[in-house]
Structure formats: C-alpha cells, structure tokens
Amino acid sequence: MLINRILIVGFGSIGKRHLRLARKLIPNADIRVLRHQPSNDIPEQSNGCFSSIDDAILFAPQIAVIANPASFHIPIAKRLAEIGVNLLVEKPLSNNLDGVAELIEICQKHDSCLLTGFNLRYLPSLKHFRDSLGEGIIGKILSVRCEVGQYLPSWRSNANYQKGVSAQRNLGGGALLELSHEIDYLRWIFGEIEWVKASMSKQSSLEIDVEDTVHIIMSFMPKTSMHKLIAAVSLDFIRHDTTRICKAIGENGSLRWNGITGEVSIYESGAKEWRQVFSHKHKPDESYLAEWKDLIFCAKENKIPLVTGEDGLKALQIIEAISKSSRAEGQVLGTLVSLPTMSLK
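Residues numbered from 1 in each chain as written. Predicted model: local features only at pLDDT ≥ 70, side-chain atom pairs only at ≥ 80, totals over all residues. Heavy atoms only, no water.

### With respect to the sheet that holds strand β5 (residues 86–90)
Next, step 1: Across the sheet, 6 strands lie side by side as β3-β2-β1-β4-β5-β6; this open sheet has parallel pairing. Lying at the two open borders of the sheet, with one neighbouring strand each, are β3 (48–50) and β6 (114–117). When the angles between neighbouring strand axes are averaged without regard to direction, this sheet yields 20°.
Next, step 2: Strand direction decides the pairing type here: strand β1 (residues 5–9) and strand β2 (residues 30–34), joined by 5 bridges, are parallel. The residue bridging V9 from the neighbouring strand is L34, located in β2. (Pairing = 2+ DSSP bridges. Helix = DSSP H or I, 4+ residues; strand = E, 2+ residues; numbered from the N terminus. Axes fitted to C-alpha atoms, helices over the stretch in contact; angles between N-to-C directions.)

Written out as structure tokens, the structure reads:
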C-alpha cells in the first residue's frame, strides 16, 4: 500500500512534532491537520486544515495520529477506525477506559493497525536494559526500583504550565496519566502486573487541579510459586533534578537504566562501583522516528506494532487500579492479570 494521505489530529507541541516527522519520512504525502477551532492559517509543512471530523473522514486518510488531549482521543479515533484508518494514538489511549475496548475491536474488524504512543519502548538504551535482564546478566531479579520526575513549569519554558494538558484534570492531566510510560515499560520488561497499592496526592504549591506525586507498590505475576517480584514506582511533577531511572536488583548484582543519559550500568557482586555497559545519547526525535517507521511498516505490511492497542488498554486498567487504590487509602487491588484482554489481529 502506498501511503499518501496522512491526518494529524491536534496541533500542540506533540502534534507539531508528528507533522514534521511525517513530512520528513513521506515528503510527497498529502498531510492535513484536524484542529478543534477553525483557522485560516495553514501550518507549515502541511497541505491544509480541517475543523470537523466529518471533513477529515471525507479526506480518507490512510494513517492518522491522534495527538489531541487524552480525554478526546477515543471519539475521534473510533470515527477514523470505522473507515479503516491505521492509527497512532498518543499515550495514554484515553483518560479512562470508556470506549477503549470498542476502539480495539473496530481496528481488529477492519484489520488495521492501532499503535499506542509509548515511544520509550523504541529507545535503544531501554531495549538494551530489557534484553540484558532477559539474558540473566544479574541472575534472578529480586526487586525493582523505578522513578521519574521533572518540575512541571520547566517542561516547556516558553509556555504557561497552568494552561497545559498536564495541569488540567478534564484534559487527562496529572502525574499518573502523563508519566504512564513507566507503567507500560515495566509491564513490557517484567511481565503482567498482579496487584497494586498506591498513594496519589498534590504535594506542591503548583497551581494545578491534578496530583503531582504518585507512589506505587506493584507485584508482577510470579514466574514460580516461590518468587513474587515487587516494584516500587515514584512519579512526580515536583522535582528539580530531572530524573528517569529504573533499577533492577538481582542475585548477582544490579542493573540500572538512565532514561535521561541513555546509559545502562551494572553493579556486579563484589564490585565497588557502577560500570557502564551501554551508552546511547538519545536524539530528541529518535524514538518518535522509530515509532513512525513501525507504524508505516505495519500499515503497509499488515503487521502488529511494537506497542499495540491492547498494551494501551492494559496500561489504562493498571492506571485505574492505582487510582482506586489511592482513593481507598492504599488498599491493595489485585487480580489485574485476570482483566479482559484482546488481540489486535
């Protein structure tokens, strides 16, 4: 299939990035932007704008990227899926579970691609971390520590943080949804999550109506009856020392991934310091370009993407359990692995 019609839904910072990458990868395509407000301005590198989903459907795109606020993802994605459009839906798939399973079913019915935008999976350093653990570099994994955080006003220095999606509950903001990459890649690396216990709160004086801090304890589905792997996960909008770290503690040492520097390091049994085993400085567009190439390949060849709609659904099921646990003052919520799942194709 020749890809020559592309739709970008939403024109915030991530929508602009997707437009630029689409133009780079498919320079001769007709690329249109769907914006929620009418505009006479035609974005640079696009071929035009729509202000209604009906007009966008008449355009009949072959690929569409859903990059508007999470609370608006599903209604637009479903309309496009119903005409067989291959979709990349930015993470999270939505701000709740409503309509997500139906979207997956529609894509399955039309045999089209549904890629969830957890782009960190495409980072070479995270893949190396996962592969090394799978090869047993530190023996049996006994415990996992994971933390990510950045001071919200510093995310985009040229924008008012109070007006951003991250700061607004009705748009799908908050630390849990915005930093849900960690939920996805932990499940990708360590397996299905069996139960969670969590606390969410607003700790800072930031002028937002969402949580800025999340602490989670989660258990992965045991591989043997004698071994239950537990992870401690912290997500926040408040720290000034920007951090994205995952550390696996094993019987023969520890392995650490640094998502900021792109380094993987090992602390071996009997060692006195960490030793770097992999380093790849991430370029700003690198993981997004890899994501786009996966999307194009899967659309053309009718293949399953690295991050499926089912992965997006699983992440939302875990997110909902975390929220419920926090509202129940840390009650343990189990049986996550028994929640319904679906195959994309």
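### Regarding helix α4 (residues 100–109)
Next, step 1: When we look at burial in α4, the residues that qualify are V100, L103, I104, I106 and C107. Projected onto a plane normal to the axis of α4, the buried residues spread over an arc of 160° and lie on a single side.
Next, step 2: Tucked into the core, α4 has its buried residues touching α3 (73–81), β5, β6 and α9 (309–327).
Next, step 3: D111 lies just past α4 and shows a positive phi near 55°. (Buried < 20%, exposed > 50% of the residue type's maximum accessible area, 1.4 Å probe, protein only. Arc of directions from axis to C-beta. Contact = heavy atoms within 4.5 Å.)

### Remarks on the sheet that holds strand β7 (residues 141–149)
Next, step 1: The sheet built from 8 strands is open, its strands ordered β8-β9-β10-β7-β11-β12-β13-β14 with mixed pairing. This sheet does not close on itself; its edge strands, each paired only once, are β8 (193–201) and β14 (275–279). Across the sheet, the mean angle separating the axes of adjacent strands is 15° when strand polarity is ignored.
Next, step 2: With 7 bridges connecting them, strand β9 (residues 213–220) and strand β10 (residues 230–236) associate as antiparallel partners. The partner of T213 across the bridge, within β10, is D236.
Next, step 3: Relative to strand β12 (residues 253–258), helix α5 (residues 124–134) is tilted by about 160°, and along the sheet it contacts β7, β11 (243–250), β12, β13 (263–268) and β14.

### What to know about the nonpolar core
Next, step 1: Counting residues in each nonpolar core, the largest one holds 77 residues, and the members touching the most others are L80, L87, F129, Y185, L186, F190 and M218.
Next, step 2: Setting aside its immediate chain neighbours within four residues, L87 contacts A64, I66, A77, L80, A81, L103, C107, C113, L114, L115 and L295.
Next, step 3: Core analysis: the second largest hydrophobic core is formed by 28 residues, I3, I26, L115 and A299 among them. (Core = buried A, V, L, I, M, F, W, Y, C linked by side-chain atoms within 4.5 Å.)

The values reported here are purely geometric and, on their own, carry no functional implication.
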